Amino acid sequence: MDVKVTDTQSTLTPTVCFVGAVAARADTRLWGLSLMDWQKRAFKKAGASYVSTKGASVILNIDWILSTALCRAFVAARNTALVVDGEIIGINGGHAHQAVKPHTLIGMQASDGILNKHGLMAKSPDAISDIYNKALRKSEPPYALNVMRTPMTTIMQRQFDSSYKGITDFVTKYFWPLPAFYVTRACAAMKLSPNMVTTIGLVLCVAAFYFFMQGQWALGFVTGWFMTFLDTVDGKLARTTMTYSWWGNIYDHGIDLIHPSFWYFAWFIGLGGVLAWPNAMTIALALIMVGYVVDRVIEGIFILQHGFHIHVWRPFNSFLRIYTARRNPNTFIFMLAIIASTIVPQAGIWGFYAVAAWTWICIVINIGVVIKATVTKKTVVSWMDSA
């Protein structure tokens with residue numbers, strides 16, 4: 001049965017408490033944190049404040065780790081018993097005045113009689129939480145994992161995988177996940193904050209810019225790729241340790257937004273380019289620089305029109321994002337050209353031209369996508385959201 005929630009109740013900040021033999025598992029570590037500390041952070045990010053009393057509005061068996069989306073949805077639910085394999089693992093709301101207090105229901109098998117008596121509705125993780133994560137552009141079923149039944153490494157791998165963007169470039173998608181998992185674990189164990197990792201990446205970014213300008217290609221690519229690797233690690237560290245913040249997002253994405261154009265200019269100088277109009281190298285540089293801005297504007301227009309990113313409209317758009325002219329694919333193209341220049345001296349310059357050409361091929365495609373989405377008579381929705 002449903003229990004009406006008053007306006008006053010709905011405006012109060014939810015409180016959460018954890019039940020279970022916490023002391024017996026004090027040595028359980030999750031991303032460098034005790035189980036209690038990690039759960040507190042997770043629920044704080046979900047909008048609930050921790051209290052030690054069992055009279056909290058949200059009660060959870062501390063052994064159960066919820067996916068981020070499920071945690072938020074559970075905190076926002078009302079009069080709900082979260083049930084996994086028939087077992088009640090958490091409660092939000094219900095009649096606290098019953099002789100049998102809600103927290104004593106944790107660990108019991110769900111039955112209509114006991115749930116109705118406490119004004120609760122049994123819901124599985126799938127029934128509470130959506131599977132589409134708009135921020136990470138991916139669809140993923142919500143999960144609840146028990147630390148006493150699932151190896152901690154498996155839990156951490158699942159959390160790490162969940163923190164990864166579903167639609168991204170091929171370097172980030174295929175090359176970085178395995179090493180990034182272990183480096184993220186190491187950073188968590190060393191108590192490094194995501195902003196510390198971002199700062200190290202910024203230093204490497206500047207170093208790559210310098211090396212590229214000097215034509216020291218090996219050092220440039222080593223520092224540059226390491227920077228892009230840490231650009232993956234800092235976000236995953238923030239999400240797995242529950243330390244993401246407004247400033248961290250601005251700091252990380254601000255660097256991501258600004259630095260590629262500096263690298264492109266450094267490639268131009270490193271190749272011996274001289275700003276003079278008109279010559280082929282200068283025209284290519286202009287095409288890359290202007291194209292970088294135009295591409296962002298096109299994406300912004302699509303978002304303003306339809307409320308979601310252009311790369312998740314249709315499967316083709318998601319496929320194109322893997323190879324589209326962004327920092328990592330462009331760097332990969334240019335690196336291959338520089339390697340080829342050891343045999344064909346002009347290959348580096350032709351690689352620079354290739355980056356310019358690929359930039360505008362992608363722009364033309366995306367302009368076509370914007371036009372098609374604008375004139376279509378059907379409602380424009382993401383294929384991932386509707387799947």
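Residues numbered from 1 in each chain as written. Predicted model: local features only at pLDDT ≥ 70, side-chain atom pairs only at ≥ 80, totals over all residues. Heavy atoms only, no water.

A. Spatial organisation of the overall build of the protein chain. Each helix and strand in the protein chain was counted, giving 15 helices and 12 strands. Each principal axis of the C-alpha distribution contributes one length, and for the protein chain these read about 85 × 55 × 35 Å. When the 387 residues of the protein chain are sorted by exposure, 49% land in the buried category. Here the contacts in the protein chain between residues at least 6 apart in sequence split such that 72% fall between residues at least 24 apart. Accessible area of the protein chain: about 18500 Å², with a carbon and sulfur share of 66%. Each charge sign in the protein chain was given a centre, from 32 positive and 20 negative side chains, and these centres are 2 Å apart. (Helix = DSSP H or I, 4+ residues; strand = E, 2+ residues; numbered from the N terminus. Buried < 20%, exposed > 50% of the residue type's maximum accessible area, 1.4 Å probe, protein only. Contact = heavy atoms within 4.5 Å. Areas by Shrake-Rupley, 256 points an atom, 1.4 Å probe, with all protein chains shown as cover. Lys, Arg positive; Asp, Glu negative; His and termini not counted. Charge placed at Lys NZ, Arg CZ, Asp CG, Glu CD.)

B. Layout of the packing of helix H10 (residues 217-240) against helix H14 (residues 327-340). Relative orientation of the contacting elements H10 and H14 amounts to 160°, with a least axis distance of 12 Å. When the axes of H10 and H14 are compared, the pair comes out roughly antiparallel. Handedness of the crossing formed by H10 with H14: left-handed. On H14, the residues touching Trp-217, Phe-221, Trp-225, Met-227, Thr-228 and Asp-231 of H10 are Arg-327, Asn-328, Thr-331, Phe-332, Phe-334, Met-335 and Ile-338. The residue makeup of the contact of H10 with H14, split by class, is eight nonpolar, three polar and two charged. (Axes fitted to C-alpha atoms, helices over the stretch in contact; angles between N-to-C directions. Parallel < 35°, antiparallel > 145°, perpendicular 65-115°, else oblique. Left-handed = near helix turned anticlockwise from the far one by under 90°. Nonpolar A, V, L, I, M, F, W, Y, C, P; charged D, E, K, R; others polar.)

C. Broad picture of the pattern of salt bridges. Overall, the coordinates contain five salt bridges when judged by the stated rule. The partner of Asp-295 in a salt bridge is Arg-326, with the nearest N and O atoms 3.6 Å apart. You can see Asp-295 sitting in helix H12 (residues 280-306) and its partner Arg-326 sitting in the loop between helix H13 (315-323) and H14, a full 31 residues away along the chain. Each member of the pair, Asp-295 together with Arg-326, is buried. Several salt bridges converge on common partners, so that one network encompasses Asp-231, Asp-256 and Arg-327. (Salt bridge = Lys/Arg side-chain N within 4 Å of Asp/Glu carboxyl O.)

D. Just the nonpolar core, in detail. Core analysis: the largest hydrophobic core is formed by 77 residues, its most contacted members being Phe-43, Leu-66, Trp-267 and Phe-352. Element by element, the count of residues in this core is highest for H10, at eight residues. If near-sequence neighbours (up to four positions away) are discounted, Leu-66 is found in contact with Trp-38, Phe-43, Leu-60, Cys-71, Phe-74, Leu-82, Ile-89, Tyr-143 and Ala-144. Counting 14 residues, the second largest nonpolar core, distinct from the first, contains Phe-308, Trp-313, Ala-373 and Met-384. (Core = buried A, V, L, I, M, F, W, Y, C linked by side-chain atoms within 4.5 Å.)

E. Just a positive patch on the surface, in detail. A surface patch of positive charge is lined by Arg-29, Arg-41, Lys-44, Lys-45 and Lys-191. Among the elements that make up the positive patch, the one with the highest residue count is helix H2 (residues 35-45) (three residues). (Patch = residues over 30% accessible without salt bridge, like charges linked within 9 Å, V, L, I, M, F, W, Y side chains within 5 Å.)

F. Region of the structure containing unusual backbone geometry. Put simply, Trp-277 and Pro-278 share a cis peptide bond, and its omega is -5°. Of note, Lys-191 is a non-glycine position whose phi angle comes to about 65°, a positive value. Mapped onto the secondary structure, Lys-191 falls in the loop between helix H8 (177-189) and helix H9 (194-213). Here the phi dihedral of Met-242 falls at roughly 60°; this positive angle occurs in a residue that is not glycine. Mapped onto the secondary structure, Met-242 falls in the loop between H10 and helix H11 (246-270). Residue class for Met-242 comes out buried when judged on its relative accessible area of 7%.

G. Just the packing of aromatic side chains, in detail. This structure, assessed with the given rule, holds 31 aromatic pairs. Judged by centre distance (5.7 Å) and plane angle (65°), the rings of Tyr-210 and Phe-211 are edge-to-face. Every member of this aromatic cluster is reached through a ring pair, and the members are Phe-212, Trp-217, Phe-221, Trp-263, Tyr-264, Trp-267, Tyr-292 and Phe-334. When the ring centre of Tyr-244 is taken as origin, the NZ or CZ atom of Lys-45, which lies over that ring, is 4.5 Å away. The ring of Trp-313 carries the charged tip of Arg-314 above its face, separated from the ring centre by 4.2 Å. (Phe/Tyr/Trp six-rings, centres within 6.5 Å; stacked < 30°, edge-to-face > 60°. Lys NZ or Arg CZ within 6 Å of the ring centre and 35° of its normal.)

H. Just the side chain of Ser-163, in detail. Along the chain, the position of Ser-163 falls in the loop between helix H6 (152-162) and helix H7 (170-175). What makes Ser-163 buried here is its relative accessible area of 3%.

I. Region of the structure containing the sheet that holds strand E7 (residues 80-84). Taken in spatial order, the six strands of this open sheet run E4-E1-E5-E8-E7-E9, and their pairing is mixed. In this open sheet, the two strands that pair with only one neighbour each are strand E4 (49-50) and strand E9 (121-123). Packing of H2 onto the sheet brings it into contact with strand E1 (15-19), E4 and strand E5 (58-61), and relative to E1 it is tilted by some 155°. The strands touched by helix H3 (residues 68-76) are E5, E7 and strand E8 (87-92); relative to E8, the strand with the most contacts, the crossing angle is about 60°. (Pairing = 2+ DSSP bridges.)

J. Geometry of the packing of H11 against H12. At a minimum axis distance of 10 Å, the contact between H11 and H12 shows a crossing angle of 170°. With respect to H12, the axis of H11 lies roughly antiparallel. The segment H11 lies against H12, with Asp-256, Leu-257, Ile-258, Pro-260, Ser-261, Tyr-264, Phe-265 and Phe-268 engaging Met-281, Thr-282, Leu-285, Ile-288, Met-289, Tyr-292 and Arg-296. Residue composition of the contact of H11 with H12, by class: 11 nonpolar, two polar and two charged.

K. Spatial organisation of the environment of Leu-285. The residue Leu-285 is located in helix H12 in this model. A relative accessible area of 5% places Leu-285 in the buried class. Distance from Leu-285 to Thr-53, taken between C-alpha atoms, is 63 Å for residues 232 residues apart in sequence.

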